[in-house]
Amino acid sequence: YSITLIPMLPVVVVHGGAGHIPKDRAEISCVGVKEAARAAYSILRSGGSAMDAVVEAVAMLENNPVYNAGRGSVLNVTGEVEMDALVMDGRTLASGAVSAVRRVANPIRLARLVMEKTSHLCLTAEGASQFARTMGVPEVPEESLITDYARMRWKKNLDPDTNPMECQTGKMGTVGAVAVDLEGNVACATSTGGMTNKMEGRVGDTPCVGCGGYADNHIGAVSSTGHGETIMKVTLSRLILFHMEQGKSPEEASDEALAYMKERVHGLGGVVVVDPKGVWSAHFSSLQMSWAAAQQEQLHYGLYHGEDFTEPV
Amino acid sequence: RPVIVVHGGAWAVPDALAEVSVAGVKAATRAGNVTLMRGGGALDAVEVAVRTMEDDPAFDAGHGAVLNTDGEVELDALIMEGRTLATGAVSSVRNIANPVSLARAVMEKVHSPPPPPPPPLPFPHAPLFCAACLYRLFTCERVKTSSAHLASPRAESVTLPKLHRDRGSCPEGGAMAGCNPTPVGSWAHDTVGAVALDSCGNVASATSTGGIRYKMVGRVGDSPVIGSGGYADNRSGAVSCTGHGESILKVTLARLILSHMDRGKAACEAVERSLRYMGERVQGGGGAVAVAPTGDWTACFTTERMAWAAIHGGILHY
């Protein structure tokens, strides 16, 4: 008999947030990441770049009201949407980010423009909006980004007896993706509306290079989700890649870093990781993380620990 | 034994600023050291050292910060303590005399009820700081801060003539005569920072900046980004970085330096290796100060100059 070797590359892994997703939202959460993984994989298979693939995957999730990114973002304490996003290119280490940006439909695309059209790596708040205007990125009405669900959660958390920190750690997730393309270039993208009822101007891990994500052709790419403040304290994405530099696999590196984050600073989260050879993982220390990966014409996905469902792409 | 190491920015410091820069870092180091000698923690010491430099118009942080393309001052700062990895940062803040103290407030007070809103400022967009333009000072309206408890007492007492708000270029005449904007390649980036190790074995790091001249409005560099502008971990050490912000971010310089120290390298070698990597991989120059839990410390840079000072075992090095 003959054996056909299907190449490991390209690969894309997408996540829809780590945390505790109410059961009635669990299935929709999986549908969205599968769709995004399929779309990104299709780009990669036709020779598209890892950067194109991760940006498309994340933009789809931003447009999907089910996720805490773009439309569907959680609201800050004043009931408004402020979003963060990050992209990073593993070949040149180029990166682009926006933080606390308002009234744009796709922060990830704006982050990419920061990377490609400015000599800076991050623009915040009004500066990010000014830049969007000069780039011809349309301003969208606040209402178009706000869902009933997000507003309901915000109202609930306004009750002085609730503790937003407990009520919502990752209940609705940051989204992200990593990919390695046919040329062996890696990239990452991460986008979020942040924490529900957060203070105005609060910036979490997502737009911080090394925290919300990191990509380096020599090692791999990571996108993180979970409790932002603790992800930052351990610079989670960069930490995972330090472990991989020391020879650990994406899985081992993820588990070790997440365990450290739990032990040292008592935070939970999840990460998607890929290395330049196409070895990937989707691991989390929280209760759930919706994720999907596409490789060798197979789509993998899961939500709870240990799950790895497969179906043809 | 306690150690404190301070830097006043890695860049091609012109001769005219060299003396005040060195004087400034020495003063900041002494101030931080006094805190350590009185039994204060590493966190208090780095905050005091950085506040001293924020108040000193010779440095690009707080007073003396450079202007963005709108002709306004936007400040970034980061502070981190190594025992719990607690950290606080602010980016693109305005009208604050000591961003490092605001960053500390973010670290310590954000989960308790927020402070009452500040009183509205009379001129919302009036720059309320002195900004350095190469060798000359922009002059500003009377400095006020909106958070009275964070105001540096000196800030309140300064009264200066009105600012000439000439966007993107230096005003002519009078105080600005001879002002000569530097070309892009040699933009000043004299962020300030400090690291310390106290007698309890705790380390801390603080970094503060006004960013790069003519930066885009809302540009956030490395200084307020944890792992890039600075990092502190009792298990590894503390680092504060300065230099080309975008390059520092791309290599997460502070965290990179500590990863080498984690693997047993001396502070000096860890910083040199990391700076060399940054130069090769992303063509950026910079500098850093670092201290290890053992008391091993260093101040290293790949730019032309970097004002730095350290006190260890009662001896001032600079």
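Values in this document were obtained by computation on a predicted structure and should not be read as measured data. (Residues numbered from 1 in each chain as written. Chains lettered and ligands numbered in written order. Predicted model: local features only at pLDDT ≥ 70, side-chain atom pairs only at ≥ 80, totals over all residues. Heavy atoms only, no water.)

### What to know about the nonpolar core
Basically, it comes down to this: The term nonpolar core refers to a set of buried residues drawn from Ala, Val, Leu, Ile, Met, Phe, Trp, Tyr and Cys, joined through side-chain atoms within 4.5 Å. The classification of residues rests on relative accessible area computed with a 1.4 Å probe and restricted to protein chains. Under 20% of the type maximum is buried, over 50% is exposed, and intermediate values are partly exposed. By definition, residues are in contact when any of their heavy atoms lie within 4.5 Å.
Counting 89 residues, the largest nonpolar core has Leu 236 and Ile 240 of chain A together with Ile 257 of chain B as its most contacted members. Setting aside anything within four residues of it in sequence, one finds Ile 240 of chain A in contact with Val 222, Ala 253, Ser 254, Ala 257, Val 271 and Val 273 of chain A. Val 55, Leu 61, Val 87 and Val 98 of chain A belong to the second largest nonpolar core, which has 53 residues in total.

### Section: the UniProt feature "active site" (unreviewed entry) in chain B
Quick reminder of the rule: UniProt positions are given in the numbering used here, feature names are shortened, and annotations may be inferred rather than shown by experiment. Runs of E in the DSSP output that reach at least two residues are strands. Runs of H or I that reach at least four are helices, and both are numbered from the N terminus.
Per the UniProt annotation, the sites labelled "active site" (unreviewed entry) are Thr 191 of chain B. Within the secondary structure, Thr 191 of chain B sits in the loop between α4 (153-157) and β6 (192-197).

### Structural notes on the pairing of strand β12 (residues 298-304) of chain A
All names here are of chain A. Quick reminder of the rule: Here, strands pair whenever DSSP counts at least two bridges between them.
β12 sits mainly inside the fold: five of its seven residues count as buried. Here six bridges tie strand β11 (residues 288-295) to β12, and the two strands are oriented antiparallel to one another. For Ala 292, the partnering residue across the bridge sits in β12 and is Tyr 301. Turn length for the β11-β12 hairpin, with the two strands adjacent in sequence and antiparallel, is two residues, and the turn residue Gln 296 shows positive phi of about 50°. Across four bridges, β12 lies against strand β13 (residues 309-312) in antiparallel orientation. Its bridge partner lying in β13, Tyr 301 is registered against Phe 309. Hairpin remark: β12 followed by β13, antiparallel, with four residues in the connecting loop; positive phi at Gly 306, about 85°.

### Examining the sheet that holds strand β9 (residues 237-243) of chain B
Strand pairs in the sheet, formed through backbone hydrogen bonds, run parallel or antiparallel to each other. Residue and element names in this part refer to chain B. For clarity, the cut-off: The axes are straight lines fitted to the C-alpha atoms, using for helices just the contacting stretch, and the angles between their N-to-C directions are given from 0 to 180°.
Reading across from one edge, β8-β9-β10-β11 is the order of the four strands in this open sheet, with antiparallel pairing throughout. Each edge of the sheet is formed by a strand with only one pairing partner; in this case those strands are β8 (230-233) and β11 (297-301). In this sheet, neighbouring strand axes are inclined to one another by 5° on average, regardless of whether the strands run parallel or antiparallel. Where strand β10 (residues 286-291) meets β11, five bridges bridge the pair, whose relative direction is antiparallel. From the neighbouring strand, Ala 288 faces β11, where its bridge partner is Cys 300. The strands touched by helix α6 (residues 253-262) are β8, β9 and β10; relative to β9, the strand with the most contacts, the crossing angle is about 140°.

### With respect to the side chain of Asp 216 of chain A
Relative to the helices and strands, Asp 216 of chain A is located in strand β7 (residues 213-216). Its relative accessible area of 2% is what places Asp 216 of chain A among the buried residues. When neighbours within four sequence positions are excluded, Asp 216 of chain A is seen to be in contact with Gly 90, Leu 93 and Val 186 of chain A together with Tyr 277 and Arg 281 of chain B.

### Observations regarding the packing of helix α1 (residues 15-37) of chain B against helix α2 (residues 42-54) of chain B
All names here are of chain B. Quick reminder of the rule: Here is the rule for angles: anything less than 35 degrees is roughly parallel, anything more than 145 is roughly antiparallel, 65 through 115 is roughly perpendicular, and the remaining ranges are oblique. Handedness of a crossing is defined here by the sense of rotation of the near helix relative to the far one, left-handed for an anticlockwise turn of less than a right angle and right-handed for a clockwise turn.
Following both chains from N to C, one finds α1 and α2 inclined at 155°, their axes separated by 8 Å at the closest point. By the angle between their directions, the pair α1 and α2 is classed as roughly antiparallel. Between α1 and α2 the crossing geometry is right-handed. Between α1 and α2, the residues in contact are Gly 24, Val 25, Ala 27, Ala 28, Ala 31, Gly 32, Thr 35 and Leu 36 and Ala 42, Asp 44, Ala 45, Val 48, Ala 49, Thr 52 and Met 53, respectively.

### Concerning the pairing of strand β5 (residues 175-180) of chain A
Residues and elements named next belong to chain A. Most of β5 sits out of view: six of its six residues are buried. Bridging between strand β1 (residues 11-19) and β5 involves five bridges; their strand directions are antiparallel. From the neighbouring strand, Val 14 faces β5, where its bridge partner is Ala 177. Two strands pair when backbone bridges link them, and β5 and strand β6 (residues 186-192) are joined in this way by six bridges, in the antiparallel orientation. The residue bridging Val 175 from the neighbouring strand is Ser 191, located in β6. What sits between β5 and β6 in their antiparallel hairpin is a turn of five residues, with Gly 184 showing a positive phi close to 85°.

### Observations regarding the side chain of Asp 84 of chain A
Residue and element names in this part refer to chain A. Our working definition: Asp and Glu are treated as the negative residues and Lys and Arg as the positive ones, with His and the ends of the chain left uncounted. Any carboxyl oxygen of Asp or Glu that lies within 4 Å of a side-chain nitrogen of Lys or Arg is treated as forming a salt bridge with it. As used in this structure description, the phrase polar contact means that two N or O atoms lie within 3.5 Å; if the pair is within protein, one of them must be able to donate a hydrogen and the other to accept it, and residues adjacent in sequence are counted only when both atoms belong to side chains.
Residue position: Asp 84 is located in strand β2 (residues 83-89). No salt bridge is formed by the buried Asp 84; the nearest opposite charge belongs to Lys 198, separated by 4.8 Å. Separated by 2.9 Å, the side chain of Asp 84 and the backbone nitrogen of Ala 100 make a polar contact. Sequence-distant contacts of Asp 84, that is, excluding residues within four places in its chain, are made with Val 98, Ser 99, Ala 100, Thr 190, Ser 191, Thr 192, Arg 202, Val 203, Gly 204, Thr 206 and Pro 207.

### Quick notes on the UniProt feature "binding site: substrate" (unreviewed entry) in chain B
Residue and element names in this part refer to chain B. UniProt records the feature "binding site: substrate" (unreviewed entry) at Arg 219, Val 220, Gly 221, Asp 222, Thr 242, Gly 243, His 244 and Gly 245, using the numbering of this structure. Here Gly 221 shows up in the loop between β7 (203-209) and β8. In this structure Gly 221 touches Asp 76 and Leu 249, once residues within four positions along its chain are discounted. Within the secondary structure, Asp 222 sits in the loop between β7 and β8. Judged by its relative accessible area of 4%, Asp 222 falls in the buried class.

### A few points about the UniProt feature "active site" (unreviewed entry) in chain A
The feature "active site" (unreviewed entry), as annotated in UniProt, sits at Thr 174 of chain A in this numbering. If we skip the residues at most four places from it in the chain, Thr 174 of chain A touches His 15, Gly 16, Gly 17, Asn 68, Thr 190, Ser 191, Thr 192, Thr 206, Ser 224 and Thr 225 of chain A.

### Focus: the interface of chain B and chain A
We count it as follows: Accessible area, probed at 1.4 Å, shrinks when two parts are joined; the buried area is that loss added up over both.
Listed per partner, the contact involves 39 residues of chain B and 38 residues of chain A. Summed over the three residues of chain B that lose the most area to chain A, namely Met 216, Lys 250 and Arg 281 of chain B, the buried surface amounts to 21% of that side. Between the two partners, chain B and chain A, sit three salt bridges. Across the pair Glu 263 of chain A and Arg 235 of chain B runs a salt bridge whose closest N-O atoms are separated by 3.3 Å. For the pair chain B and chain A, the number of links is 15 residue pairs in polar contact (both at pLDDT 80 or more).

### Let's talk about the pattern of salt bridges
Residue and element names in this part refer to chain A. If you walk through the whole model with that rule in mind, you get 26 salt bridges over all chains. The salt bridge partner of Glu 311 is Arg 38, with a shortest N-O separation of 2.8 Å. Placement of the pair is Glu 311 in strand β13 and Arg 38 in helix α1 (residues 23-45), with a sequence separation of 273 residues. Owing to a relative accessible area of 28%, Arg 38 belongs among the partly exposed residues under this scheme. Look at the salt bridges and you will find they share partners, linking Arg 103, Glu 126, Arg 133, Glu 139 and Glu 142 into a network.

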